Amino acid sequence: MSINGKAYIAGAFEHPTRKAVDKSLAQLHAECAKGALEDAGLTKEDVDGYFCAGDAPGLGPLSLIDYMGLKVRHMDSTETGGSSYLIHVAHAAEAIASGKCKVALITLAGRPRAEGMATGTAPRNYGPSPDVPFEFPYAPTVVNMYAMCATRHMHEFGTTSEQLAWIKVAASHHAQHNPKAMLRDVVTVEDVVNSPLISDPLHRLDCCVISDGGGALVVVAPEIARSLNRPLVKIKGAGEAPKGQMGGRVDLTYTGAAWSGPTAFAEADVTPADIKYASIYDSFTITVLMQLEDLGFCAKGEGGKFVADGNLISGTGKLPFNTDGGGLCNNHPANRGGMTKVIEAVRQLRGEAHPAVQVPNCDLVLAHGTGGSLGTRHGSGTLILERE
Amino acid sequence: MIAEKRTMPAPTIDPETQEYWSAIEAGKFLLRYCNACEAPHYYPRTICPHCGSDDTEFKEASGKGIIYSYSVMRRVPVPYAIAYVTLEGTDISMMTNIVECDLDDLHVGQEVKMVFSETEGDGPPLPTFTPV
């Protein structure tokens, strides 16, 4: 069974906050849900499927369904870190295609800034996971795990810090038009490579922002999408893939996008050359570069050349990416950037991106996310969406 | 910048890996091998993650290797080098720290050898590496 054409994204909402000291986590989820349902022209009474991931409090769907007063007949708490929400869209489409629900609500929220979390530099202990005794004592952090990918990429392919910097430069060109973006100043390659080294070879400006907030999506059956007064955003294809250390045969040069990407392209029956806009997970600059290669926008090892000279800047480059400023400049709510990747892709298809960054005739887009860590184990989720 | 000694938390030990940690307490580094597919793996499991056989056993490894990748974490009170080291004669890389070294003089492909680093409390030491 294919999900191509079986479901549509009817509602999308990005919470405007970037620091939520005065809000609870559940409240943020509910505000995002309300925003996305209003965007779709639906109410919570219409929702019969609910999806959330590890950012949800308590028992996930049980806690939040009860808190929000939802009445659903399908739920899913697939947890693949920041890529969860792309995978939720695909799972929602599968559930709709098989008649398990008709209006699926997906929410994400978090408040790492309000909680003072050292997101990038403090080792995280994932409890009784079997890998923990063999990794946690060595102080793996978010940033040094991605930094090791960059080190290896530079060693094998000659990728440079200046090439990586172009990814931040492109994001900053887009963020200047987003009044809600955390970092709105346009930066140069020199600004990025002259910012302090956090963990070699990644500089401060190679890293994404840390923000509170969240977002939500409403995925609906075709007949419901057509009954709503919103542009039709069709789900055309999806792929998901886990990648880990493969029993010690560690290879940091590629990501799970090498598997989720081709699956999504095959289901959508399109190629990377057909894509007009791409939302690419951007926890760090290296994350973008590796995923672009793995998704087939350029050959493996050619990512550095591909991203250089403004090739990702809307209006200038061949592949406009993350036109909201992405996680690198705009928003990375709950340290999970997958939700905002889908939201900006929906804006582009609807023609609702900022006019300065809106891609003309944008009828086919890709959104891709990574969750967990490229340095250890991660989940990749790819979506291909079409304006009907 | 010379690496300072960093306080390392002790690993949590479960029944599946007790033998591995006991060997480390005795100064030996063991690598888990599968007798069915003959491949080593890391971190150690009773059931081979490559082929699924439960016919696996520990063998002592040389403790030599080369740096597959590394990064020096700088924006912390005690900077340190995290790395994956590929173990000699295998295609297996393990996460570790490079210690007793100049943090500014590390490179991919560098030859390293295992040294055990103390952990907090009564826990076993950890296998770490230092440049040859």
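The rules behind these values
Residues numbered from 1 in each chain as written. Chains lettered and ligands numbered in written order. Predicted model: local features only at pLDDT ≥ 70, side-chain atom pairs only at ≥ 80, totals over all residues. Helix = DSSP H or I, 4+ residues; strand = E, 2+ residues; numbered from the N terminus. Buried ≥ 20, exposed ≤ 12 C-beta atoms within 10 Å, placed from the backbone. Contact = placed C-beta atoms within 7 Å. Nonpolar A, V, L, I, M, F, W, Y, C, P; charged D, E, K, R; others polar. Expected span 1.5 Å × (residues − 1). Pairing = 2+ DSSP bridges. Axes fitted to C-alpha atoms, helices over the stretch in contact; angles between N-to-C directions. Parallel < 35°, antiparallel > 145°, perpendicular 65-115°, else oblique. pLDDT = per-residue confidence, 0-100. Domains from an automatic or database assignment.

## Quick look at the overall build of chain B
For step 1, the next point in the chain: If you tally the helices and strands in chain B, you get 1 helix and 8 strands.
For step 2, the next point in the chain: Mapped in sequence order, the helices and strands of chain B form the string α-β-β-β-β-β-β-β-β.
For step 3, the next point in the chain: The C-alpha extent of chain B, read off along each of the three principal axes, is 45 × 35 × 25 Å.
For step 4, the next point in the chain: Going through the 132 residues of chain B one by one, you find that 37% of them count as buried.
For step 5, the next point in the chain: Of the contacts made within chain B by residues no fewer than 6 positions apart, 49% connect residues no fewer than 24 positions apart.

## Details of the environment of Pro11(B)
For step 1, the next point in the chain: As for its position among the elements, Pro11(B) is in the segment before helix 1 (18–25).
For step 2, the next point in the chain: Each C-alpha atom of the pair Pro11(B) and Gly27(B) lies 16 Å from the other, and the pair is 16 residues apart in sequence.

## Brief notes about the interface of chain B and chain A
For step 1, the next point in the chain: Taken together, the contacts link 33 residues of chain B with 28 residues of chain A.
For step 2, the next point in the chain: Those elements that place two or more of their residues in the side of chain B that touches chain A are strand 4 (64–73), strand 5 (80–87) and strand 6 (93–98) of chain B.
For step 3, the next point in the chain: Classifying every residue of the side of chain B that touches chain A gives 20 nonpolar, 10 polar and 3 charged.

## Digging into helix 4 (residues 142–157) of chain A
For step 1, the next point in the chain: Taking 1.5 Å as the rise per residue, helix 4 of chain A with 16 residues should run 22 Å; its terminal C-alpha atoms sit 23 Å apart, in good agreement.
For step 2, the next point in the chain: Of all 16 residues making up helix 4 of chain A, 12 are buried, and the element is well covered by its neighbours.
For step 3, the next point in the chain: Taken as a whole, helix 4 of chain A has its buried residues at Val142(A), Val143(A), Asn144(A), Met145(A), Tyr146(A), Ala147(A), Met148(A), Cys149(A), Ala150(A), Thr151(A), Arg152(A) and His153(A).
For step 4, the next point in the chain: Check the buried side of helix 4 of chain A and you find it contacts helix 5 (161–175), strand 5 (197–199), strand 6 (202–203) and helix 9 (285–295) of chain A together with strand 4 and strand 5 of chain B.

## Details of unusual backbone geometry
For step 1, the next point in the chain: Between Asp200(A) and the following residue, Pro201(A), the backbone shows a cis peptide bond with an omega angle of 0°.
For step 2, the next point in the chain: With respect to the helices, strands and loops of the structure, Pro201(A) is situated in the loop between strand 5 and strand 6.
For step 3, the next point in the chain: In the segment running from Tyr42(B) into Tyr43(B), the intervening peptide bond is cis, with an omega of -10°.
For step 4, the next point in the chain: By secondary structure assignment, the location of Tyr43(B) is in the loop between strand 2 (40–41) and strand 3 (56–60).

## Topic: the sheet that holds strand 3 of chain B
Residue and element names in this part refer to chain B.
For step 1, the next point in the chain: Ordered by their spatial adjacency, 3 strands build an open sheet running 2-1-3, and the pairing between neighbours is antiparallel. Two strands bound the open sheet, and with one partner strand each, they are strand 2 and strand 3.
For step 2, the next point in the chain: Note that strand 1 (residues 30–34) and strand 3 share 5 bridges and pair antiparallel. By the bridge assignment, Arg-32 is partnered in strand 3 with Phe-58.

## Some details on the packing of helix 5 of chain A against helix 9 of chain A
Residue and element names in this part refer to chain A.
For step 1, the next point in the chain: Where helix 5 contacts helix 9, the two axes come as close as 9 Å, and the packing angle between them is 100°. Taken together, the axes of helix 5 and helix 9 are roughly perpendicular relative to one another. Between helix 5, through Leu-164, Ala-165, Ile-167 and Lys-168, and helix 9, the contact on the second element is made entirely by Thr-285, Ile-286, Val-288 and Leu-289.
For step 2, the next point in the chain: For the contact of helix 5 with helix 9, the class distribution of residues is 6 nonpolar, 1 polar and 1 charged.

## Description of the confidence of the model for chain B
For step 1, the next point in the chain: The predicted model of chain B has a mean per-residue pLDDT of 97, with 100% of residues at 70 or higher.
For step 2, the next point in the chain: Overall fold confidence for the complex sits at a pTM of 0.97, while the interface term, ipTM, reaches 0.98.

## Comments concerning the domain arrangement of chain B
Residue and element names in this part refer to chain B.
For step 1, the next point in the chain: Its domain assignment divides chain B into domain 1 (13–61) and domain 2 (62–132).
For step 2, the next point in the chain: With centres defined by C-alpha atoms, the gap from domain 1 to domain 2 works out at 20 Å.
For step 3, the next point in the chain: With 9 residues of domain 1 at the interface, the matching set in domain 2 holds 11 residues.
For step 4, the next point in the chain: Mapped onto the side of domain 1 that touches domain 2, the elements with two or more residues apiece are helix 1 and strand 2.
For step 5, the next point in the chain: No other element matches helix 1, which puts 3 residues into the side of domain 1 that touches domain 2.
For step 6, the next point in the chain: For the side of domain 1 that touches domain 2, the per-class residue count stands at 7 nonpolar, 1 polar and 1 charged.

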